There are 2 protein chains.
Amino acid sequence: ELVQHCQQQLNPSQDYAGIRILITAGPTREPIDPVRYLSNHSSGKMGYALAQAAQQAGAKVTLVSGPVNLTPPAGVAVVKVMSALEMHHAATSRSAEHDIFIGCAAVADYRPESVADNKIKKSNDELVVKMVKNPDILADIANSEPRPFCVGFAAETQDVEHYAKDKLTRKKLDLIAANDVAKTGQGFNAEHNSLTVFSKTDAIHIPLASKLDVANALLSLVLIHYKK
Amino acid sequence: ELVQHCQQQLNPSQDYAGIRILITAGPTREPIDPVRYLSNHSSGKMGYALAQAAQQAGAKVTLVSGPVNLTPPAGVAVVKVMSALEMHHAATSRSAEHDIFIGCAAVADYRPESVADNKIKKSNDELVVKMVKNPDILADIANSEPRPFCVGFAAETQDVEHYAKDKLTRKKLDLIAANDVAKTGQGFNAEHNSLTVFSKTDAIHIPLASKLDVANALLSLVLIHYKK
């Protein structure tokens, strides 16, 4: 396939004026009991950078955010959630009012089947946590009606292109941005990132840069495909 | 039993001059794969308040800290760790050089039996995570030689006194500070806390106050028992 390297800075000005964007960001926390939870290393920085860049480009932005230690960008409507089920409800109930959906959150794929009312005692040598699949926010929004333009993220540690393209097709997305979280200095909790953005027909590489620069470059790509 | 209410403020001045204190703080993160982990809602605020109060009271403080979003107090030696196994090693290898050990961290009782090298794919409808017990930092230090004076914490959501006293006896601790994390406005991630401190013979209640005030009160109690 064709992998193009965008070397020039892509700077949207007010290109997003009048466009409503829904963005999810951060990790989710899946409770096991009142004190324990399952989560992941997402810092939310990429999603918050996207919200900031979109707002600065003139978009009306709604940010559905899992638990992070970041200050929301000014002018952005923020909906705070904890679990994947909460994020699913917050995003799907708002998607029809938005033109573009960018699923940047690292949503937990699984949640414990049951949540204990009280702290589980460590009386046994082993603890088996049975987990069930969470609903798929990206796929549910991509299959909803009216359907916003749908952009997914794929955070993988191996075979990044293979899994990203599979996710694009399987979830019926318009674009998917893949990053290799196993590479040091980028991805989860880093200040910088690089992405490869796949559509059905091509792949564009956004080279390593600050997450805000990467966000601006991604938004430029999204706009091109959205307006097609 | 006797539960006394300490209504007066207990303010140590330089009472801890020359005393070496080892404190653990924060949660631990138990990796499942490169992106997922199991953790708990501890913010580390109580442990950091103890480190600050002890340092201000003249102690030489070592703080073994799990992943938190706090600035370490000035003058305190900080050892950063992620998992319970790392915290166990960091604390037990340093305990002999300290006079008092305060185990304030919310150490994960269990860790996944194996850590996947790559991100687990969500191909199955269910995921079963088999977990094994982590080593017990408090019990291992309380049974070591030379043995520091040992203070534990019990974060419980029910039968707080019962579980705290059981933990005191079973782990052979000198004191245990119990807080009811199910009460709103105190405990995990709150700015305030109240504690009930149990020794083998009595129980002292430290009423709801800022975590720094509660830390000072607890350190005063610790010193009384340590000097006995």
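Here we summarise the structure given alongside this text.

Procedures and definitions
Residues numbered from 1 in each chain as written. Chains lettered and ligands numbered in written order. Predicted model: local features only at pLDDT ≥ 70, side-chain atom pairs only at ≥ 80, totals over all residues. Heavy atoms only, no water. Pairing = 2+ DSSP bridges. Helix = DSSP H or I, 4+ residues; strand = E, 2+ residues; numbered from the N terminus. Axes fitted to C-alpha atoms, helices over the stretch in contact; angles between N-to-C directions. Disulfide = S-S within 2.5 Å. Contact = heavy atoms within 4.5 Å. Buried area = accessible area lost by both parts, 1.4 Å probe. Salt bridge = Lys/Arg side-chain N within 4 Å of Asp/Glu carboxyl O. Polar contact = N/O pair within 3.5 Å; in protein donor to acceptor, adjacent residues only side chain to side chain. Nonpolar A, V, L, I, M, F, W, Y, C, P; charged D, E, K, R; others polar. Least-squares fit on C-alpha atoms with pLDDT ≥ 70 in both.

**Focus on the sheet that holds strand β9 (residues 126-133) of chain A**
Stage number 1. The strand order across the open sheet built from four strands is β8(A)-β9(A)-β9(B)-β8(B), with neighbouring strands paired in antiparallel fashion. If you trace the sheet from one side to the other, it starts and ends with β8 (110-112) of chain A together with β8 (110-112) of chain B, each paired once. Across the sheet, the axes of successive neighbouring strands diverge by a mean angle of 40 degrees, strand direction being ignored.
Stage number 2. Direction of pairing for β9(A) relative to strand β9 (residues 126-133) of chain B: antiparallel, over a ladder of seven bridges.

**Details of the state of the cysteines**
Stage number 1. Scanning all chains against the criterion turns up zero disulfides over all chains.
Stage number 2. Sulfur of Cys104(A): no disulfide; nearest cysteine sulfur belongs to Cys150(A) and is 14 Å away.

**A few points about the interface of chain A and chain B**
Stage number 1. The interface of chain A with chain B comprises 39 residues on the first partner and 39 residues on the second.
Stage number 2. Across the interface of chain A and chain B, roughly 3,900 Å² is buried in total on both sides, 50% from carbon and sulfur atoms.
Stage number 3. Joining chain A to chain B, the criterion identifies four salt bridges.
Stage number 4. When the shortest N-O distance is used, the salt bridge between Asp109(B) and Arg36(A) registers 2.5 Å.
Stage number 5. Linking chain A to chain B there are 15 residue pairs in polar contact (both at pLDDT 80 or more).
Stage number 6. When residues of the side of chain A that touches chain B are traced back to their parent elements, those giving at least two are β4 (36-40), β9 and β10 (149-156) of chain A.
Stage number 7. For the side of chain A that touches chain B, the leading source of residues is β9(A), giving eight residues.
Stage number 8. Residues of the side of chain A that touches chain B, tallied by class, amount to 16 nonpolar, nine polar and 14 charged.

**Focus on the sheet that holds strand β4 (residues 36-40) of chain B**
Stage number 1. Judged by pairing direction, the sheet is antiparallel, and its four strands sit side by side in the order β3(A)-β4(A)-β4(B)-β3(B) without closing on themselves. The strands lining the two open edges of the sheet, one partner per strand, are β3 (30-31) of chain A together with β3 (30-31) of chain B.
Stage number 2. Pairing of β4(A) with β4(B) involves five bridges; the strand directions are antiparallel. Bridging across to β4(B), Tyr37(A) finds its partner in Ser39(B).

**Concerning the relation of the copies chain A and chain B**
Stage number 1. Aligned on chain B, chain A shows an RMSD of 0.0 Å; the corresponding rotation is 180 degrees and the shift along the axis is 0.0 Å. Those values place the two copies in the arrangement expected of a two-fold rotation axis. When each C-alpha of chain A is compared by its distance to the rotation axis, Leu38(A) comes out closest, at 2.2 Å.
Stage number 2. A share of 100% of the interface residues of chain A reappears at the interface of chain B, consistent with the copies meeting face to face through the same patch.

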